[in-house]
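Below are the chains, spelled out letter by letter.
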Amino acid sequence: MILLCCGLAAAPAFAQSGKAPDKKVAKPEVSAVSDPDIAIQMADDYFNSSRVMTADFVQTGQDGRRAEGKLYVLKPGRMRFEYAQPATMEIIADGVSVAIRDRKLKTQETYFVEQTPLKFLLKNELNLKKDVKITNVTPSKDKTVITLEDSSTFGGSSTIRLYFDAKNFNLTQWAVKDPQGYETLVVLHNIDRTTTPNLSLFHIPNEGLFSE
């Protein structure tokens, strides 16, 4: 179930941060993003250029089941996956904890943000080389895929693939494989990285408190 929280992750995902990255790399032509170090720096620059994000998402599990909804991010540490009906789930990170709530079953599971695979996407200042283990960088004609491994997630190691479009090097989707090998793909649409979400969206209600 924790996989859904990153499926932020995403989170994990972003007004301007207080501190500019140490190094800015100009976006090269598509054919030039073949250098892994350049691709990684461009990914850092993308995430560090904004601390907010709102987007529509479509989530697909390994079993083919699909769900969609709205994603809200406010760094550091705040995130909300608001699933559209008929789904009854909602996932809320308040900066410290992540709650996975099922309105139909009236259940709530809580974890620390540090236990989620895409926790680093909610950092104010991201440095992929220092914050996670990068296992592969794969450029192609239409996208660049950066593959990461996180051994500190709940239940064991998780693998995360971040997909950036070749034209503007914007994050368009991610895939997370949990320690049991179950993979979830999240595709983003209508991304807004300038509007600050309402802070109330990231409040986790008291456990057991559900509105009818």
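The residue numbering used here restarts from 1 in each chain and proceeds along that chain's sequence as written. Predicted model: local features are reported for residues with pLDDT of at least 70 only, side-chain atom pairs are reported and counted for 80 or more only, and whole-chain, interface and lining totals are derived from all residues. As a rule here, side-chain values come from all non-hydrogen atoms in the structure, and water together with hydrogens is ignored.

*Asks:* Which residues make up the pairing of strand E5 (residues 97-102), and what are the values?
*Replies:* Each residue gets one of three labels from its accessible area relative to the maximum for its type: buried under 20%, exposed over 50%, partly exposed in between, using a 1.4 Å probe on protein chains only. Helix numbers and strand numbers start at the N terminus; a helix is a DSSP run of H or I with at least 4 residues, a strand a run of E with at least 2. The buried fraction of E5 amounts to six of the six residues, a majority that puts the element mostly inside the structure. In E5, alternate side chains face the same way, and those of Ser97, Ala99 and Arg101 on one face and Val98, Ile100 and Asp102 on the other are all buried. Pairing between strands is defined by DSSP: at least two bridges between the two strands are required. Note: strand E4 (residues 89-94) against E5, five bridges, orientation antiparallel. Residue pairing across strands places isoleucine 92 opposite alanine 99, the latter belonging to E5.

*Asks:* Hey, could you go over the nonpolar core for me, with residue numbers and the actual values?
*Replies:* In a soluble, globular protein the nonpolar side chains are often hidden away together inside. Put simply, a nonpolar core is a bunch of buried Ala, Val, Leu, Ile, Met, Phe, Trp, Tyr and Cys residues held in one set by side-chain atoms that sit within 4.5 Å of each other. Counting residues in each nonpolar core, the largest one holds 40 residues, and the members touching the most others are Leu71, Phe120, Leu162, Phe164, Trp174 and Leu188. It is helix H2 (residues 36-48) that provides the largest number of residues to this core, a total of six residues. Discounting residues that sit within four places of it in the chain, phenylalanine 164 has contacts with Ala43, Tyr46, Phe47, Asp142, Lys143, Thr144, Ile146, Phe169, Asn170 and Leu171. Val52, Tyr72, Leu74 and Leu201 belong to the second-largest nonpolar core, a separate cluster that totals five residues. Note on contacts: a residue pair is in contact if any heavy atoms of the two residues lie within 4.5 Å.

*Asks:* So, the packing of aromatic side chains: which residues are in play, and what are the values?
*Replies:* Here the aromatic set is Phe, Tyr and Trp, taking the six-membered ring for Trp, and pairing holds for ring centres within 6.5 Å; pairs whose planes are under 30 degrees apart are stacked, those over 60 apart are edge-to-face, and all others are tilted. All told, the structure shown has seven aromatic pairs when counted by the stated rule. Here the aromatic rings of tyrosine 46 and phenylalanine 164 are separated by 6.1 Å at their centres, their planes lie at 85 degrees, and the arrangement is edge-to-face. Here tyrosine 46, found in helix H2, pairs with phenylalanine 164, found in strand E9 (residues 158-165); they are 118 residues apart in sequence, far enough to count as distant. Taking the relative accessible area as the measure of exposure, tyrosine 46 reaches 6% and is therefore buried. Exposure remark for phenylalanine 164: the relative accessible area of 0% places this residue in the buried category.

*Asks:* Tell me about the pairing of strand E6 (residues 107-112), residues and numbers included.
*Replies:* Looking at chain direction, E5 and E6 are connected through six bridges and run antiparallel. Among the inter-strand pairings, valine 98 is bridged to a residue of E6, identified as tyrosine 111. A loop of four residues connects E5 with E6, the two strands running antiparallel in sequence, and lysine 106 in this loop sits at a positive phi of about 55 degrees.

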